[in-house]
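Okay, here's what each chain looks like letter by letter:
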Amino acid sequence: MFVIAEVGQAHEGSLGMAQAYIKALAETGVDAVKFQVHIAEAESSIHEPFRIKFSQQDKSRFDYWKRMEFPLKDWKHLKDTCDIYNMEFIASPFSNAAVDLLEEIGVKRYKIGSGEVNNYLLLEKIAQTGKPVIISSGMSSFMELDRTVQFLREKEIDFSVMQCTTSYPTLPESYGLNVIGDIRKRYNEKVGYSDHSGKIETCIAATALGAEILEFHAVFDRRSFGPDASSSLEIDEIKMLVNSVHNISNALMNPVDKTDNSKFSDLKKIFEKSLAVNKDLSKGHHLKFDDLEAKKPKDQGIEASEFQKIIGRELKSDIKKWTFLTDDCF
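Residues numbered from 1 in each chain as written. Predicted model: local features only at pLDDT ≥ 70, side-chain atom pairs only at ≥ 80, totals over all residues. Heavy atoms only, no water.

The protein has the name N-acetylneuraminate synthase in an unreviewed UniProt entry, where Christiangramia salexigens is given as its organism.

Taken together, Phe264, Leu267, Ile270 and Phe271 make up a surface patch of nonpolar side chains, about 410 Å² in accessible area. By the secondary structure assignment, Phe264 is in the loop between α10 (235–252) and α11 (265–271). (Patch = residues over 30% accessible without salt bridge, like charges linked within 9 Å, V, L, I, M, F, W, Y side chains within 5 Å. Areas by Shrake-Rupley, 256 points an atom, 1.4 Å probe, with all protein chains shown as cover. Salt bridge = Lys/Arg side-chain N within 4 Å of Asp/Glu carboxyl O. Helix = DSSP H or I, 4+ residues; strand = E, 2+ residues; numbered from the N terminus.)

The computed volume of the second largest pocket comes to approximately 180 Å³. In terms of residue class, the lining of the second largest pocket is made up of six nonpolar, one polar and four charged. (1 Å grid on protein atoms, 1.4 Å probe; cavity = no way out; pocket = protein on both sides within 12 Å on 5 of 7 lines; lining within 4 Å. Points joined across faces, edges and corners; volume = space filled by probe spheres on them. Nonpolar A, V, L, I, M, F, W, Y, C, P; charged D, E, K, R; others polar.)

Our focus in this paragraph is the pattern of salt bridges. Here the structure, examined in full by the defined rule, presents 20 salt bridges. For Lys131, the salt bridge goes to Glu103, with nearest N and O atoms at 3.0 Å. With a gap of 28 residues between them, Lys131 in the loop between α6 (120–127) and β5 (133–136) and Glu103 in helix α5 (residues 96–105) connect regions that are remote in the sequence. Taking the relative accessible area as the measure of exposure, Lys131 reaches 18% and is therefore buried. Asp221 is the salt-bridge partner of Arg223, the closest N and O atoms lying 2.7 Å from each other. Looking at Arg223, the relative accessible area reads 75%, which means it is exposed. Here Asp221 falls in the partly exposed class, since its relative accessible area comes to 22%. Ionic contacts of the salt-bridge type, sharing partners, join the residues Glu6, Lys34, Lys111 and Glu215 into one network. (Buried < 20%, exposed > 50% of the residue type's maximum accessible area, 1.4 Å probe, protein only.)

What follows concerns the domain arrangement of the protein. Assigned domains of the protein: these are domain 1 (2–253) and domain 2 (262–329). Distance from the C-alpha centre of domain 1 to the C-alpha centre of domain 2: 63 Å. (Domains from an automatic or database assignment.)

So, about the packing of helix α4 (residues 72–84) against α5. Taken N-terminus to C-terminus, the directions of α4 and α5 make an angle of 50°; their axes are 10 Å apart at the nearest point. If you check the angle between α4 and α5, you find them oblique. Considering only the axes of α4 and α5, their crossing is right-handed. On α5, the residues touching Leu72, Trp75, Lys76 and Lys79 of α4 are Leu101, Glu104 and Ile105. Of the residues that constitute the contact of α4 with α5, the class distribution is four nonpolar, no polar and three charged. (Axes fitted to C-alpha atoms, helices over the stretch in contact; angles between N-to-C directions. Parallel < 35°, antiparallel > 145°, perpendicular 65-115°, else oblique. Left-handed = near helix turned anticlockwise from the far one by under 90°. Contact = heavy atoms within 4.5 Å.)

This model, assessed by the stated rule, comprises one cavity of 30 Å³ or more. Lining the largest cavity are 13 residues, and of these Val7, Gln9, Ala10, Asp228 and Ala229 sit closest to its centre. Those elements that provide at least two residues to the lining of the largest cavity are β1 (2–8) and β8 (213–219). Among the elements that make up the lining of the largest cavity, the one with the highest residue count is β8 (three residues).

Before going further, it helps to examine α6. Within the sequence span of α6, burial applies to Tyr120, Leu122, Leu123, Ile126 and Ala127. Angular distribution of buried residues about the axis of α6 spans 155°; they occupy a single face of the element. Residues of α6 that are buried in the fold lie against β3 (88–93), α5, β4 (110–112), β5 and α7 (142–154). (Arc of directions from axis to C-beta.)

What follows concerns the environment of Pro93. Summarising the element assignment, Pro93 is placed in strand β3. Residue Pro93 is classed as buried on the basis of its relative accessible area of 2%. For the pair Pro93 and Tyr110, spaced 17 residues apart in sequence, the C-alpha separation works out to 7.7 Å. With near-sequence residues (within four places) excluded, Pro93 lies in contact with Val37, Ala98, Val99, Leu102, Tyr110, Lys111, Glu116, Leu122 and Ile126.

Put into structure tokens, the structure is as follows:
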């Protein structure tokens, strides 16, 4: 299991805040911290509308992206901070210029955001690096994904595909957990789940359904300012999630053989039961169902599972209430 916590724009353009997120996430057990590299002039324009009009300080979304930018030296600092805490620095580029920046930083792989799946200019730029990519499928049909997958395969690029729903926060009826299996069958590649629900159970369910990569937004407080805050997980929730998904992943890697219960032999003697009578009975009595009770432990006489074999049998001597039945009783 590879777990990615996305800071996204939760840093609000503050290097100190971005670094604080890295340090906090280092305590949660995630494998990687993800950022988004926005270079306003290269990816946007004043004509781009807000997805959510949340900001009063930014006149346009172009202005917002501008405020989210870091210079190269700051990105290097954030990458170095991730290295110190043994977490991989991952980023989603939204322009070819952002790829150039990330190459200078020295990333191991690229994350393709949902809106970039059909951006073959960007895909070509990333493919030229030869590095692995993780694709979020949020806004793409299978027909569109097929084309992207074919493109990456022709370029001999190692890739993974994430089921994702581009809805903030995502409601349960839109999780698309069923698509995890569909993606695996369709492409026979590593599959993941990129979550925007703001709930820990979503990624837990995705893990149980076979997701090998998880991604979710991180925030210090869901009441924070920003477009992704309400669809993010808080730090303590991330700690619980990481522990849970690793437990489930471990369980899935260690399947139980239900045809072999030999290791329960001693416990079965304790928990299973033997047959006894529930009343005083006289010699010559023919046992009825209503005469019987099952009592622990298992090895005191005839097993409870064998009760039908002794119905109607004749007692050869008197027997006291709650006495265990053995073959010698008949």
